[in-house]
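Results of the structural survey
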Amino acid sequence: MVTVFSFWNCEPSLANELPKANPVYFETDVRPILKVKCFHCHGELGETSGGLDLRLVRLMKSGGDSGTALDPSDGLSSLLWERIASDEMPEGPKKLTDEEKSTIQTWLQQGAPLLRTEPDNVEDARFTIEELQHWAFQPVKQPDVPHAPQATTEIDSFLLHKLQQNGLRFSPAADKRTLVRRIYLDVIGLPPTEQQVADFINDTSDNAYAKLIDQLVASDQFGVRWARHWLDAAGYAESNGGPLNDTLREFAWRYRDYVVDAFNQNMPIDQFIREQLAGDEMLSEPPSVDNPEHLRLLTATGFLRLAPDPSQAENNLANRNMAVADSLQTISTALTGITVGCAQCHDHKYDPIGIDDYYRFRSIFDPAFPLDQWQTPNARLIDMTPPDVQAQIDQIEAEAKALEDKLKAERDAVALEIQERKLADVPQDVREATRAAVKTAPNQRSAEQNELLDTYPMVKPIPTIIGLLVEYDSAQYRHFEKEFQKVADIRATKPLPHMIMATTETSHVPVSKIFFRGNPEDAQQTVSPAEITVLARLAPDLSIPENNATLPTTGRRLAYAQYLTSGHHPLTARVFVNRIWMHYFGQGLVTTPGDFGLNGQRPSHPELLDWLADSFVQSGWNHKQLHRMILLSAAYQQTSVRSAAQDAIDPDNQLLGRMTLKRMDAETLRDALYHVSGQLNLTLGGPSVPVTEDSEGKAVIGKRQIKDGLKAGVASDAESEYRRSLYIQVQRKLPLDMLATFDQPVMNPNCHCRPESTVATQALWFLNDALAQERALALTGELWNELPDKAAEISYPPLVRRLYVRLFACEPSAEELAKCVEFLETLQPQLVAVEANDRRRQAFCVLTQTLFASNRFLYIE
């Protein structure tokens, strides 16, 4: 068992006799510093470098090989301070910061006080009361909603109560045009069309906004938008990663489609979590290809296979262990906001999680990740193709193979005829010997045969006989090449096999052990599956079986998933609602969504977080209801305009007295560019649109073309290219250039908060990239083609007004309109390289591209 401080039963120390002004204590102030920087050499896992253990003050007084390390009566003369102040300790590049040194210095000056008497056994001091009482490790409360005048929803009551305590209030509501663009981009990830803007503006009913919320949450594009957010937390990628070869995961897209469908169908989130963790253990019978539920449950478990897995390229113990460790990091941070993975090699440096905790937690998943019976990613695929579909695949392949064999025979016959003509040019006395050399395998040729082939190079040996067609009859070669793109066309009509990237267990139940310092080659104590102790304290009846005899699997993951979604786990609901809040308000109530531990940030509104979590569970984990609650709040509908009064008190908007200004993420920006130009393909589901390198090494949409063994350009089609960005293939080492430019994260292993950079390459992309230029041209063409009289002199102002509504959901002000028209009239005569009758249109295209690059377009408002 993990042991904890027993100080609560001990007598208070002399700390009570100290002055109360700014006291510094070992347990709350100094120990956390030493735990992070020093315990790994001085106390943890029995390691006491120089014989010195720093885990207790009395052990510092006892000292080590160099004598006592601490004399509380003269702390600044002690060996401890001497080594710290001189940066001699800790060893290595990570020294104590000035702030940390100052804390320890103050503690020593105060006489090295303790909050409580230390235990006799140092192991009883592994974790402190303060660590165990961290807010995130306590049960979710059911707080009373505070009374706040003018609040119209419970969410607003919590926020207004805190604002009013700080002399603030909500900002005015955003105007309808601002609000309609905001909600469309937030809920479905697309800007509203001109008609959608007009519909909302013209709806003067009291419930116009509520109706719009219902409409958007019911849209099938809701699932596309919010799946992207979940896939970040889940670490979704369609390649295996690793330092050598980033091999593809051809069928990962089925998991992506599972998430989209789950969100669109409003699957309860407790079910969503259980299916991803243990879908295979929820099967009541062997999986059947004819059972849609079986397909769904197995597909859901792809969640456990999303982490980087370099074993596909190099299957060794280190890579297997790395794949498991990354999977556990993803699982723990995505679902519980706890960085359990930080205890893989040693006790967690911040949270009360021991290395034994880590391996007990890992034991839950060991039957699915057995290091000693490992399967590489491709070997784990499950074929769930229905018999009728497989029969169709086989029939089409047989047809393609028959044509391929026929064409090969015809081609080879023509090539052999050419070869015979070329052999006729060989002197008669060596002709037969040359013919024999031609037909002999390369590794069996004699020196004399190789010499003959070098002397008469116009005679191609059998393996390269096709080269005769290329060299001597290019017309025939082109003919056969054309007849073969037909074989490819036939094969392209095959229905896709239903391969699933799933997680399953075998009958083998591995023995789980602690790896010393995280080394899988140094397995030591045996452990049993269990929740980490600090959380298991809240569920005394929780039992995770070694091997559930009533199931065909061990049942470990299922038991854990049921506990996570029982409504009693302190983190599951908190973490999920915090993520939803973050995507609407720009930052979570906890601003470190993947770390609710001691090293993360405390919630800005703890009562609101608990109220949201509790309400969410009480609603049956209703995902869409949670969205509606947030969207209906006055807090969400505020303007984002700053005020000097608010900035003076709350410059970072922690209290949410205004809406946070948010920038479009990479996928939303790309989708918006296609959408405003009328070209976006809104089709749901199916295989991902491939990404490859073009001749300049740039990651682009399309498939690499190979001809004669050489790269021959990139082929793509508009139908695929115009799909939403969620459906673009995500390779770890080859992200689509445009998405990478605008901060699409690389999943190593997952992402909780996307970075947001502002760099010159983004402005240059808008200026130079073909995608931006083509979208501007397409939008210009669409507006131009809708003009009532194309023969008449085209007036710029009406076009500029429509352009503004397309891009910003509002018309330009008089000043903006005047500046745009001035820009166009100034630019038009400078376009001397453009046909005179097309200059007005080209000038407008340049304006469109310029507005694409504006902050007003790039930011949600």
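Residues numbered from 1 in each chain as written. Predicted model: local features only at pLDDT ≥ 70, side-chain atom pairs only at ≥ 80, totals over all residues. Heavy atoms only, no water.

1. So, the overall build of the chain
Across its full length, the chain carries 36 helices and eight strands. For the chain, the spread of C-alpha atoms along the three principal axes comes to 110 × 80 × 60 Å. For the chain, the residues scored as buried account for 53% of the 861 residues in total. A separation of at least 24 residues holds for 70% of the contacts in the chain among residues at least 6 apart in sequence. About 38200 Å² of surface is accessible on the chain, with carbon and sulfur atoms providing 51% of the total. When the 85 basic and 118 acidic side-chain charges of the chain are each reduced to a single mean position, those positions are 3 Å apart. (Helix = DSSP H or I, 4+ residues; strand = E, 2+ residues; numbered from the N terminus. Buried < 20%, exposed > 50% of the residue type's maximum accessible area, 1.4 Å probe, protein only. Contact = heavy atoms within 4.5 Å. Areas by Shrake-Rupley, 256 points an atom, 1.4 Å probe, with all protein chains shown as cover. Lys, Arg positive; Asp, Glu negative; His and termini not counted. Charge placed at Lys NZ, Arg CZ, Asp CG, Glu CD.)

2. Side note on helix α11 (residues 253–264)
The end-to-end C-alpha distance of α11 is 17 Å, a good match for the 16 Å that 12 residues give at a rise of 1.5 Å each. The element α11 is extensively covered by neighbouring structure, given that 11 of its 12 residues are classed as buried. Residues of α11 that are buried include every one of W253, R254, Y255, R256, D257, Y258, V259, V260, A262, F263 and N264, and no others. Among the structural elements, α10 (220–234), α12 (269–278), α13 (292–300), β2 (499–500) and α26 (623–632) are those in contact with the buried residues of α11. Following α11 by one or two positions, N266 adopts a phi angle in the positive range, close to 55°. (Expected span 1.5 Å × (residues − 1).)

3. Structural notes on the pattern of salt bridges
Taken as a whole and assessed by the stated rule, the structure comprises 49 salt bridges. A salt bridge links E432 to R435; the nearest nitrogen and oxygen atoms lie 2.5 Å apart. Residue E432 and its partner R435 are located together in helix α17 (residues 428–439), separated by three residues, close to a single helical turn. Of the residues examined, E432 reaches a relative accessible area of 53% and is grouped as exposed. The buried category is assigned to R435, whose relative accessible area is 16%. The network of salt bridges with shared partners includes R126, D347, D356, D357 and R360. (Salt bridge = Lys/Arg side-chain N within 4 Å of Asp/Glu carboxyl O.)

4. Some thoughts on the packing of α11 against α13
Running from amino to carboxyl end, α11 crosses α13 at an angle of 110°, the nearest separation of the two axes being 9 Å. Taken together, α11 and α13 sit at an angle that is classed as roughly perpendicular. Taken together, the residues of α13 that come into contact with α11 (itself represented by R254, Y255 and Y258) are R296, T299 and A300. Residues belonging to the contact of α11 with α13 are distributed by class as follows: three nonpolar, one polar and two charged. (Axes fitted to C-alpha atoms, helices over the stretch in contact; angles between N-to-C directions. Parallel < 35°, antiparallel > 145°, perpendicular 65-115°, else oblique. Nonpolar A, V, L, I, M, F, W, Y, C, P; charged D, E, K, R; others polar.)

5. Quick word on the domain arrangement of the chain
Annotation of the chain at the domain level lists domain 1 (12–133), domain 2 (223–377 + 502–570), domain 3 (387–497), domain 4 (666–741) and domain 5 (766–860). Measuring from the centre of the C-alpha atoms in domain 2 to the corresponding centre in domain 5 gives 51 Å. (Domains from an automatic or database assignment.)

6. Some points on the packing of helix α7 (residues 176–187) against helix α8 (residues 194–202)
It is at 10 Å that the axes of α7 and α8 come closest, and there the two elements cross at 130°. The angle between α7 and α8 places the two elements in the oblique class. The handedness of the crossing between α7 and α8 is right-handed. Of the residues in α8, those in contact with K176, R177, V180 and Y184 of α7 are Q196, V197, F200 and I201. Each residue belonging to the contact of α7 with α8 can be placed in one class, and the counts come to five nonpolar, one polar and two charged. (Left-handed = near helix turned anticlockwise from the far one by under 90°.)

7. Some details on unusual backbone geometry
Looking along the chain, the bond that leaves M89 and enters P90 is cis, with omega of -5°. Residue position: P90 is located in the loop between α3 (79–85) and α4 (98–109). Omega for the bond connecting N748 with P749 falls within 30 degrees of zero, at -5°, which places this linkage in the cis form. You can see P749 is positioned in the loop between α30 (737–741) and α31 (760–768). The phi dihedral of N266 falls on the positive side, at around 55°, and the residue is not glycine.

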